[in-house]
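Now for the letters of each chain:
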There are 2 protein chains.
Amino acid sequence: MNTGRNDQTAPDRIKARYWIETAYPLEDAAAIMAGEQSTGTFVRVPGETDELRQWHAAHVEELVELGTVDAPSLTGSGLPKGYNLPAVRRTAEVVLSWPLANMGASLPNLLATAAGNLFELKPFSGLKLLDVTLPPVFLDAYQGPQFGVDGTRRLTAVYGRPVIGTIIKPSVGMTPEQTAAHVRMLAEAGVDFIKDDELQADGPHCPFEQRATAVLQTLNDFANRTGKRPMYAANITGEIDQMLRRHDLVAAAGGTCVMVSLNSVGLPAMNMLRRHAQVAIHGHRNGWGMFSRSHATGMSFIAYQKFWRLAGIDHVHVNGLRNKFCEEDSSVMASARACLTPMFPAPHKPCTIVPVFSSGQSARQVHDTYSGLGSMDLIYACGGGILAHPMGPAAGVRSLQQAWEAAASGIALRDYATNHTELREALEAFAG
Amino acid sequence: MNTGRNDQTAPDRIKARYWIETAYPLEDAAAIMAGEQSTGTFVRVPGETDELRQWHAAHVEELVELGTVDAPSLTGSGLPKGYNLPAVRRTAEVVLSWPLANMGASLPNLLATAAGNLFELKPFSGLKLLDVTLPPVFLDAYQGPQFGVDGTRRLTAVYGRPVIGTIIKPSVGMTPEQTAAHVRMLAEAGVDFIKDDELQADGPHCPFEQRATAVLQTLNDFANRTGKRPMYAANITGEIDQMLRRHDLVAAAGGTCVMVSLNSVGLPAMNMLRRHAQVAIHGHRNGWGMFSRSHATGMSFIAYQKFWRLAGIDHVHVNGLRNKFCEEDSSVMASARACLTPMFPAPHKPCTIVPVFSSGQSARQVHDTYSGLGSMDLIYACGGGILAHPMGPAAGVRSLQQAWEAAASGIALRDYATNHTELREALEAFAG
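Undergrad: I keep staring at the domain arrangement of chain A and nothing clicks. Help me out?
TA: Interface size is commonly expressed as the accessible area that is lost once the parts come together. All names here are of chain A. On domain assignment, one finds that chain A holds domain 1 (10–140) and domain 2 (148–429). Placing a centre on the C-alpha atoms of domain 1 and another on those of domain 2 gives a separation of 36 Å. On the side of domain 2, 22 residues touch domain 1, which itself brings 22 residues to the contact. Roughly 1,800 Å² is buried in total at the junction of domain 1 and domain 2, and carbon and sulfur atoms are behind 73% of that figure. Of all residues in domain 1, the largest losses of buried area upon contact with domain 2 belong to Leu107, Lys128 and Leu139, amounting jointly to 32% of the total for that side. Inspection of the domain 1/domain 2 interface yields one salt bridge. Between Lys306 and Asp131 there is a salt bridge, with the nearest N and O atoms lying 2.9 Å from each other. Taken together, the connections running from domain 1 to domain 2 amount to 10 residue pairs in polar contact (both at pLDDT 80 or more). Breaking the side of domain 1 that touches domain 2 down by element, the ones donating at least two residues are helix H4 (107–114), strand E4 (124–133) and helix H5 (138–141). Here the element with the most residues in the side of domain 1 that touches domain 2 is E4; it accounts for eight residues.

This is the structure we're talking about:
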C-alpha cells in the first residue's frame, strides 16, 4: 500500500462522479466541492499552504455540462454574489479525485469524504453521487464477496439457469414451526432459494434461533431425502454479537446463507461479518428509497453497491422489471448489470455478485430480464408468481424454469407455452 | 420485556409518524403502508389469516390531511385504478404502530420496518419519516448516552455557559506533529473542545495513532500546566476492531472523547462501541444531507437522532443558525431542541444529548441560539469565529464567552460590546 505523499501522482487516486445542479458558474461549483471535501474550508485558513494543497487537495478531473433547469430541484441553495436574476441553473457531471493519502483504503472514511457534507453545500440545489472508482489497493484491506456467482451456484447446485427463489410470506406472524412447514412446502415445490422477509428477524413471537433451527432441520431432511438443498437466507440482522452468533448457528445447522439488511447494520459490521462468514451473505437494501427516490440527492445504486461488494456481500436486491415499486425498468437493469461488472481490472479480484430480482415477478418478465442482463447469473425471486399459480407452487416453479429455458433457447414465451402446460397457465394467470 | 402475542394490546407498541403525498385515497394509502410493513404483501397470501393480522398487523393510529399539491414531488409513483385525471395529490401525516412482537427491541430491525421498503411504495410521490416513539423496553436492550450533558460538563469542567469548541483546519494535510502544534495553539487560546474534521481519520499521511498520541500528549502537558483539559474528539471512524483499538488508545492517553461518523459506521457498530466506551462519543452526521435534502423522501432529524441517542452517542451535530449549508434556521433549532428533549418519560433514562452547533458561527448568532434553544447545554463550535478574530484566537474565544455572558444576562450584544473589546472586534470583523 502506498503511503503518504507519494500518492499525489500515483495511479491510485480515488474517483467519484456526481450529478450537480447549481446557479454558480460550473467551474466554481466544482472547485467548492473539491475544496470542501479536502483541504479547504469556507474561509481559507493559515495552514492551508500551497504545498499542502499540492499534495492533499481533491482535483476536478472532469466537468461536463448537461443543460439548464427552470427551477431549483431542492430548496435552500444559494446564489453567487452579484448574481443577476432570473436565475440560470445548470446541471453537470463532475468527477473529483482524492489522493489515497487523505483517507487511506477505508470504506467508512471514503464514505465520509465522497458522500459526506457535500450534499448540503449551499451552492447546490441538487447533488447526487453517481459512481466511485477505487484503486485495487482497497483489496488489501477488504475481501469482497466470498461466494459470488460461482459460489452461489455451487451451494445451490443450480447451473445453466438462474437460481429460482421466493420470500417467506406472510412476512411476520408465523411461528417457527409454521415457518418451517411453509419452507417444506416451498422446497417440495422445487424452489432453489428461500429467504426470510426483512421484517422477520428475531421478534419474540418468532425468535431467530428457533426459526432458523426449525427451517434448517426441515431443509436437511429434504436434502437427505432428495439430494437437493435449497439455500435459505436466514435474516440475521441485529447487533454484532447477535449476527455472529446467528451466523454460527446457521453454519452449524447446515445452512448456506445469511441475510442482512445493509442500511440497518452499516459497512464495518458487514466487514466484520464477512471476515467471520462461512456461508454466503445475502444483502437486502431495504431503506434504499431514501437514497434513490429523489433525482437530486442521495446516491445511485451503481455507487452504493460498490461499497457493499467490497465489504463482502454475495447477493444484492435490484428490484425487477415492471415491479410494484417506483423504480423504472432501465434503473433496475443498470443496477443488475453493475453487480456483474468487475470492480477491478484483471488480475485483481473482480468482486462480482449475484443480482436478486424480485417484486411482482413471474414468467412474464423472464425474456426481457435475460435480454437486458445478457446473463443467467441471477436469483429470480417470485412470490405470487409461484404460490398463486393455478396448478400449485410446483407448477409455479416449473413455469419459471420453462420461461428461462425458452429465453435461453431464443424461443418466444407464447411459442414455448404451447407445449408447456405450467408456463401456459402462468401466462394466463399472471396476464398484465 | 413482553413477549409474543400479549404485545398487541400492550402500551409498548412502536409508533412512527410520516409525511406522505399520494394520489390514492388517504385511508387506502395509509392502509397500504401498514400492510406492506407488517403482515401484508402485494397479493394476499393464504397464510395471512385474520388471527395473524389481529396480532401482528401494523395499525394506522392517526391520519391528518394537510393539503394538495399540483405536481408529484417525486417521479415513478402510480395512480389508483379508475383514477380520473387531472390528478389530485394530497399530503397528510400518518402515524403507524407495530406490536413489539414483530421485531423486538432492536434498532437495526426497527429501522428495516419503519424506514425500509416503504419509501419505494408505488402509491407515494412523497414519503418521509418524521418521528419515532419507542417504548421504554428499548432501554433494556440499549444503554443510551453514557455522558450526555452532565458528563460532558464534568469532563470539560465548563459550567454555566456552553462548551466553546472548534474544528482542526485544514481538514487534511497536516502531519501528526503539525496537528498537535495547532491543538496547542487552540488550547492556549482557551478553547474547551477541539475536534478532528470528519475527513481526517487514519490516512497514511496522518495515521490515527500518531496523531492522537501527539495531540493528547500536548493536551496532557497543557492540563498539567494550567489545570484545564480541553476535550479532544479524536475521529476513530473505521472498522470495528480499529475503532475499539483507537478508543482504547484515547482512553489510555488521558483523552475524554472519540468522534464517529454515524452514517459511515451504522447502528450496531455504535452500540458495540458504546458498550466498550470509557469516554464520550461525539456523533458526526456527515452524509445527513442524503436523508434530509429532499422534503419528499428520507427522514427528519427528529427521528434520526433518536436511533443514535439510544445506541449511545453523547453529542451530535445540528448545524448552526445562519449556517453556510442549505439548512434553514427553524430546522436547526428544532434539531437542537430534540437533542435536549427526553426520549422516555421519568423515571426512565431521558437519553438527552448535547447538540453541537457549527458552520459559520461567531458571536453574532449567540443571542438567537440561546433564545431559540432556551438552554446553555450545547457545544458552540466556531472555526473562523475564533481563528480569524483580528486580535487572535484567544480574543476569538473571549468574544464568544462574552457573547454568551451577555445572552445569559439578557443584555443586547451591541450594549455588552461597548465595554468588551474582544466582542466588539468580533462584531466588526464578522459583520454580515
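Structure shown, so let's carry the discussion forward.
Undergrad: How should the nonpolar core be read in this particular structure?
TA: Side chains of nonpolar character tend, in soluble globular proteins, to be buried together. Of all hydrophobic cores here, the largest spans 234 residues; its most connected members are Tyr18 and Phe138 of chain A together with Tyr18 and Phe138 of chain B. Aside from chain neighbours lying at most four places away, what touches Phe138 of chain A is Ile14, Leu100, Gly104, Ala105, Ser106, Leu107, Leu110, Leu310 and Phe344 of chain A.

Undergrad: I keep staring at the sheet that holds E4 of chain A and nothing clicks. Help me out?
TA: Think of a sheet as strands paired side by side through backbone hydrogen bonds, with each pair either parallel or antiparallel. All names here are of chain A. If you walk across this open sheet you meet the four strands as E2-E3-E1-E4, and the pairing is antiparallel. In this open sheet, the two edge strands, each paired with only one partner strand, are strand E2 (59–69) and E4. The sheet shows a mean angle of 15 degrees between the axes of neighbouring strands, direction not considered. Across nine bridges, strand E1 (residues 14–22) lies against strand E3 (residues 89–98) in antiparallel orientation. Bridge pairing in E3 places Ile20 opposite Ala92.

Undergrad: Just checking my understanding: could you explain the sheet that holds strand E8 (residues 257–261) of chain B for this structure?
TA: Residues and elements named next belong to chain B. Ordered in space as E5-E6-E7-E8-E9-E10-E11-E12, the eight strands form a closed barrel in which the pairing is parallel. Averaged over all adjacent pairs, the angle separating strand axes in this sheet is 25 degrees, with direction ignored. Taken together, the five bridges between E8 and strand E9 (residues 280–284) define a ladder with parallel strand orientation. Within the sheet, the bridge partner assigned to Val260 lies in E9 and is Gly283. Relative to strand E11 (residues 354–357), helix H14 (residues 329–339) is tilted by about 150 degrees, and along the sheet it contacts strand E10 (315–317) and E11.

Rules behind the numbers
Residues numbered from 1 in each chain as written. Chains lettered and ligands numbered in written order. Predicted model: local features only at pLDDT ≥ 70, side-chain atom pairs only at ≥ 80, totals over all residues. Heavy atoms only, no water. Domains from an automatic or database assignment. Contact = heavy atoms within 4.5 Å. Buried area = accessible area lost by both parts, 1.4 Å probe. Salt bridge = Lys/Arg side-chain N within 4 Å of Asp/Glu carboxyl O. Polar contact = N/O pair within 3.5 Å; in protein donor to acceptor, adjacent residues only side chain to side chain. Helix = DSSP H or I, 4+ residues; strand = E, 2+ residues; numbered from the N terminus. Core = buried A, V, L, I, M, F, W, Y, C linked by side-chain atoms within 4.5 Å. Buried < 20%, exposed > 50% of the residue type's maximum accessible area, 1.4 Å probe, protein only. Pairing = 2+ DSSP bridges. Axes fitted to C-alpha atoms, helices over the stretch in contact; angles between N-to-C directions.

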